[in-house]
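Coordinates in review
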Amino acid sequence: MHHNACPHATRIVDEFLYDVGLNRMAWPARSPDINLIEHVWGLLGKQVRSRLSPHSNVQQLRNILNKEWNRIHQTDIQNLIEVIIVAALLYGSESWIHRKRDENQIQAAEMKFLTAVRGYTRRDKIPNYTNKR
């Protein structure tokens, strides 16, 4: 899957993918980016830029990267997952005809996913409002 960025859309990449027998998935323009690590890199980059001074060297950069990577909380990752899932579920929704039943099904899918991501089972009987926090 490529998002049609220039490095992915060159002739040499097309030829390589053809030679190794890989088909590129159709990926519509303005589709949500569901690659979690891209969002984590953005979060890490923002934190590193805030701590980096103009006089930093490679070793200082490496130390800052390691410290900031270790400071990323699991809740930050869970928040990113929630944003990605909602974006993917609602992609193209501006053209949908919404019914209450559809909204309920989307909400149920979101809760089922959040429950699984957080490691809960149905036996834990965690209320939705607690799970959504």
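Residues numbered from 1 in each chain as written. Predicted model: local features only at pLDDT ≥ 70, side-chain atom pairs only at ≥ 80, totals over all residues. Heavy atoms only, no water.

A word on the overall build of the protein chain
Spelled out, the test is: Only DSSP runs of H or I with at least four residues qualify as helices, and only runs of E with at least two residues qualify as strands; both kinds are numbered from the N terminus onward. The buried label applies to any residue whose accessible area, calculated with a 1.4 Å probe on protein chains only, is under 20% of its type's maximum; exposed applies above 50%, and partly exposed to all values in between. The method behind every accessible area is Shrake-Rupley, applied with a 1.4 Å probe, and residues are considered shielded solely by the protein chains displayed.
Within the protein chain, the secondary structure is distributed over six helices and zero strands. From first element to last, N terminus to C terminus, the protein chain shows the α and β order α-α-α-α-α-α. Split into buried and exposed, the 133 residues of the protein chain put 20% on the buried side. A total accessible area of about 10700 Å² is found for the protein chain, and carbon and sulfur atoms account for 56% of it.

Brief notes about the environment of Lys46
Structurally, Lys46 can be placed in helix H2 (residues 36-51). Taking C-alpha positions, Lys46 is 9.8 Å from Glu68, a pair spaced 22 residues apart along the chain.

Looking at a nonpolar patch on the surface
Note the threshold: To count toward a patch, a residue needs a relative accessible area above 30% and no salt bridge. Like charges then connect within 9 Å, nonpolar side chains (Val, Leu, Ile, Met, Phe, Trp, Tyr) within 5 Å. Any carboxyl oxygen of Asp or Glu within 4 Å of a side-chain nitrogen of Lys or Arg constitutes a salt bridge here.
Together, Phe16, Val20 and Leu22 make up a nonpolar patch on the protein surface, roughly 300 Å² of accessible area in all. Note on placement: Val20 falls in the loop between helix H1 (11-19) and H2.

Thoughts on the pattern of salt bridges
As a working rule, side chains carrying opposite charge can pair if their charged atoms are close by. With the rule as written, the count across this model stands at three salt bridges. A salt bridge links Glu15 to Arg11, with the shortest nitrogen-to-oxygen separation between them at 3.7 Å. Of this pair, Glu15 and Arg11 both sit in helix H1, four residues apart, which is roughly one turn of that helix. Taking relative accessible area as the criterion, Glu15 reaches 39% and is therefore assigned partly exposed. Among the ionic pairs, Glu68 bridges to Arg71, the shortest N-O distance being 3.0 Å.

Here we look at the packing of helix H4 (residues 74-90) against helix H5 (residues 100-117)
Stated formally: To obtain each axis, a line is fitted to C-alpha atoms, and for helices this fit is confined to the stretch in contact; angles are then taken between N-to-C directions over 0 to 180 degrees. Angular relationships are summarised with four words: roughly parallel below 35 degrees, roughly antiparallel beyond 145, roughly perpendicular across 65 to 115, and oblique for the angles in between. Crossing handedness is defined as follows: a turn of the near helix away from the far one that is anticlockwise and smaller than a right angle gives a left-handed crossing, while the clockwise case is right-handed. Contacts were defined at the residue level, with two residues in contact if any of their heavy atoms lie within 4.5 Å. Put simply, Ala, Val, Leu, Ile, Met, Phe, Trp, Tyr, Cys and Pro go in the nonpolar bin, Asp, Glu, Lys and Arg in the charged bin, and everything else, Gly too, in the polar bin.
It is at 11 Å that the axes of H4 and H5 come closest, and there the two elements cross at 150°. Considering the angle they form, H4 stands roughly antiparallel to H5. In this structure, H4 crosses over H5, and the sense of that crossing is right-handed. Every residue of H5 that contacts H4 at Gln78, Ile81, Glu82, Ile85, Val86, Leu89 and Leu90 is listed here: Ile106, Glu110, Phe113, Leu114 and Val117. Of the residues contributing to the contact of H4 with H5, the split by class is nine nonpolar, one polar and two charged.

As for the nonpolar core
For clarity, the threshold we go by: Side-chain atoms within 4.5 Å link the members of a nonpolar core, which is a set of buried Ala, Val, Leu, Ile, Met, Phe, Trp, Tyr and Cys residues.
Residues Val40, Leu44, Val48, Ile64, Ile72, Ile77, Leu80 and Ile81 constitute the largest nonpolar core, which totals eight residues. When contributions to this core are tallied by element, the ones reaching two or more residues are H2 and H4. The contacts of Ile77, once residues within four sequence positions are left out, are Leu36, Val40 and Ile72.

Some details on the confidence of the model for the protein chain
We count it as follows: Scored from 0 to 100, pLDDT reflects the predictor's confidence in each residue.
Taken over all residues, the pLDDT of the protein chain has a mean of 78, while the share at 70 or more is 76%. Looking across the protein chain, the model is least confident in helix H6 (residues 128-131), with a mean pLDDT of 63, and most confident in helix H3 (residues 58-71), with 92.

A look at the packing of H2 against H3
Running from N to C, H2 and H3 cross one another at 125°; their axes reach a closest spacing of 9 Å. Relative to H3, H2 is oriented oblique. Remark: the crossing between H2 and H3 carries right-handed chirality. Judged by residue contacts, Ile37, Val40, Trp41, Leu44, Gln47, Val48 and Arg51 of H2 engage Leu61, Ile64, Leu65, Lys67, Glu68, Trp69 and Arg71 from H3. Residue composition of the contact of H2 with H3, grouped by class: nine nonpolar, one polar and four charged.

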